[in-house]
Amino acid sequence: MDGTAITIIILAIAGVVTVILYVLKGISDQLPDLFDSFRRARDAWKRLWEQPDEAAKPEDTEEQPDEAAKPEETQEPPPPVAVPADDEEPPAAA
């Protein structure tokens, strides 16, 4: 074997290793989304076969009300807006 053949073989092996690493990185980047989708599908499957009286339990719901949020009745109204009394129009843009 001459030097050219050895160089081509080394470059071919490096290319194959690079492609394999690129594919493995792409798959590993998609795994978290795949696991989240699997978890949502599993939860939906469990809810599908749950008894109707068990389905209404509040601790099983995903969205819990925000405890820090106040009901609208207890929230303060926004401060009043002061309107200038003069009848002057604002200056026009140039």
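Going by the structure above, here's the rest.
Residues numbered from 1 in each chain as written. Predicted model: local features only at pLDDT ≥ 70, side-chain atom pairs only at ≥ 80, totals over all residues. Heavy atoms only, no water.

**Q** How would you explain the overall build of the protein if you had to name every residue and give the values?
**A** In terms of helices and strands, the protein carries one helix and zero strands. Taking all 94 residues of the protein together, the buried fraction comes to 0%. Just so you have it, the protein exposes about 9,500 Å², and 63% of that area is on carbon and sulfur atoms. (Helix = DSSP H or I, 4+ residues; strand = E, 2+ residues; numbered from the N terminus. Buried < 20%, exposed > 50% of the residue type's maximum accessible area, 1.4 Å probe, protein only. Areas by Shrake-Rupley, 256 points an atom, 1.4 Å probe, with all protein chains shown as cover.)

**Q** Residue-level account of a nonpolar patch on the surface, with values.
**A** On the surface, a cluster of nonpolar side chains totalling about 1,000 Å² of accessible area is made up of M1, I6, I9, I10, I13, V16, V17, I20, L21 and L24. Relative to the helices and strands, M1 is located in the segment before α1 (3-49). (Patch = residues over 30% accessible without salt bridge, like charges linked within 9 Å, V, L, I, M, F, W, Y side chains within 5 Å. Salt bridge = Lys/Arg side-chain N within 4 Å of Asp/Glu carboxyl O.)

**Q** Explain α1 to me, and be specific about the residues and the numbers.
**A** Between its terminal C-alpha atoms α1 stretches 68 Å, which fits the 69 Å expected from 47 residues at 1.5 Å a residue. Where α1 bends most, at L31, the angle is about 35 degrees, and the proline P32 comes one to four residues later. (Expected span 1.5 Å × (residues − 1). Bend = angle between axes of the 7 residues up to and from the residue.)

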